[in-house]
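Listed below are the residues making up each chain.
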Amino acid sequence: MLRVLVLVSGGGTNLQAIIDAVAAGKVTNTSLVGVISNNKTVKSLERARNAGIPAVSVSPKDFPDRDAFNKAFLEKVDEFAPDLIVLAGFLVAIPAAMVQKYSGRIINIHPSLIPSFCGVGYYGLKVHEKALERGVKVTGATVHFVTEGMDEGPIIAQKAVCIEEGDTPEILQRRVMEQAEWLLLPQAIDDIANGRVTVVDGKAVRTR
Ligand code: GRF
């Protein structure tokens, strides 16, 4: 069983998609061992607890400086002894020490087709605002391994989503979630849990 720890900052609809896919048997060989949020009040913690998953919050605001937070955060992550860490809308920069310690074992969902609309400053609704501003006709979502460069790790899976007349950032965000994110992230976890993803020469390859 792959021990999966999910990190969240917001409403947690991606977390819910993972919980539902595990419960429905669409994601196998997986145990959701914990959820960590950097925000005490978010709905994600409630979603986790409703599913019987231990959920805790660790916020940078509770520590005197970033180093103290990073240390406490890594200790909290370690307590769950995860095989895989899933960033499901997690807006805190992952400390370098954690990226190194869990190298090849952290994945992220990003709401665009990387390398478009990604990197520093591209998070949440901003990604969709930029896509609409540029006038692209197709956007989507990407699941990738996390490395030290932001949104630069090996790409595991992508799914395209069409932009439609009259889209606002909010409408587009919802469509990208429904048509791409909620499917891609559980699928990627299932693939990793069942040994279907390996990294060869810096690229993620689906092996069977
Ligand atoms: C998602 O669009 C995710 O890709 C982005 O933040 C959003 C999180 O949504 N980085 P939720 O908390 O899973 O509902």
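Look up: the structure comes first, before these words.
Everything in this summary refers to the structure shown in the same document.

The rules behind each value
Residues numbered from 1 in each chain as written. Predicted model: local features only at pLDDT ≥ 70, side-chain atom pairs only at ≥ 80, totals over all residues. Heavy atoms only, no water. Helix = DSSP H or I, 4+ residues; strand = E, 2+ residues; numbered from the N terminus. Rg over C-alpha atoms; globule rule 2.2 N^0.38 Å. Contact = heavy atoms within 4.5 Å. Areas by Shrake-Rupley, 256 points an atom, 1.4 Å probe, with all protein chains shown as cover. Lys, Arg positive; Asp, Glu negative; His and termini not counted. Charge placed at Lys NZ, Arg CZ, Asp CG, Glu CD. Buried < 20%, exposed > 50% of the residue type's maximum accessible area, 1.4 Å probe, protein only. Pairing = 2+ DSSP bridges. Right-handed = clockwise from strand over helix to strand, strands pointing away. Phe/Tyr/Trp six-rings, centres within 6.5 Å; stacked < 30°, edge-to-face > 60°. Near = heavy atom within 4 Å. Polar contact = N/O pair within 3.5 Å; in protein donor to acceptor, adjacent residues only side chain to side chain. Nonpolar A, V, L, I, M, F, W, Y, C, P; charged D, E, K, R; others polar. Arc of directions from axis to C-beta.

In terms of regular secondary structure, the chain is built from six helices and nine strands. Scaling as 2.2 N^0.38, a compact globule of 208 residues should have a C-alpha radius of gyration of about 17 Å, and the chain matches this with 16 Å. On the principal axes, the C-alpha backbone points of the chain span a range of 45 × 45 × 35 Å. Residue pairs at least 24 apart in sequence account for 63% of intrachain contacts in the chain once pairs closer than 6 positions are excluded. Just so you have it, the chain exposes about 10100 Å², and 52% of that area is on carbon and sulfur atoms. Side-chain charges in the chain split into 23 positive and 23 negative, and the spacing between the mean points of these groups amounts to 3 Å.

In terms of burial, strand E1 (residues 2-8) is a largely internal element, six of the seven residues being buried. As judged from the seven bridges shared by E1 and strand E2 (residues 30-37), these two strands associate in the parallel manner. Paired with Leu-7 across the bridge in E2 is Ile-36. Judged from the four bridges that link them, E1 and strand E4 (residues 84-87) form a sheet pairing that is parallel. Its bridge partner being in E4, Leu-7 is matched across the sheet by Leu-87.

When you tally the buried positions in E2, you get seven out of eight residues, the bulk of the element. Where the polypeptide runs from E1 across helix H1 (residues 13-23) and back to E2, its parallel neighbour, the crossover connection is right-handed. Alignment of E2 against strand E3 (residues 55-57), held across three bridges, turns out to be parallel. The residue of E3 that forms the bridge with Ile-36 is Val-56. For the crossover from E2 across helix H2 (residues 43-50) to E3, the handedness is right-handed.

Per the counting criterion, the structure on display carries four aromatic pairs. For the ring pair Phe-69 and Phe-73, a centre distance of 5.3 Å and an interplane angle of 10 degrees mean the geometry is stacked. Note that Phe-69 and Phe-73 are positioned in helix H3 (residues 66-79) at a spacing of four residues, about one turn of the helix. The same class applies to Phe-69 as to Phe-73, namely buried. Of the aromatic side chains, those joined through ring pairs into one cluster are Phe-63, Phe-69, Phe-73 and Phe-90.

By the burial criterion, the buried members of H1 are Asn-14, Leu-15, Ala-17, Ile-18, Ile-19 and Ala-21. On its buried face, H1 is in contact with E1, E2, H2, E4, strand E5 (106-110) and helix H6 (169-193). Gly-25, located one to two residues past H1, shows a positive phi value of around 80 degrees.

As a further point, take the site of the ligand. The environment of the ligand is formed by Gly-10, Gly-11, Gly-12, Thr-13, Asn-14, Gly-89, Ile-109, Pro-111, Met-177 and Glu-181. With respect to the ligand, the backbone of Gly-11 contributes an N or O atom lying 3.3 Å from an oxygen atom. Backbone polar atom of Asn-14 to an oxygen atom of the ligand: 2.8 Å apart, as the coordinates give it. Burial of the ligand by the surrounding chains reaches 89%, relative to a free accessible area of 370 Å². Sorting the residues of the shell around the ligand by element identifies H1 and H6 as the ones contributing at least two each. Partitioning the shell around the ligand into residue classes produces three nonpolar, six polar and one charged.

The next thing to look at is the environment of Pro-60. Turning to its location among the elements, Pro-60 is positioned in the loop between E3 and H3. In sequence terms Pro-60 and Lys-43 are 17 residues apart; their C-alpha atoms lie 19 Å from each other. Once residues lying within four places of it in the same chain are set aside, the contact partners of Pro-60 are Asn-38, Arg-66 and Phe-69.

It is worth spelling out helix H5 (residues 125-134) at this point. For H5, the complete set of buried residues consists of Val-127, His-128 and Ala-131. Buried residues of H5 fall within an arc of 90 degrees about the axis and therefore sit on the same side. If you follow the buried residues of H5, they end up packed against E5 and H6. Residue Gly-135 follows H5 closely and has a positive phi angle near 80 degrees.

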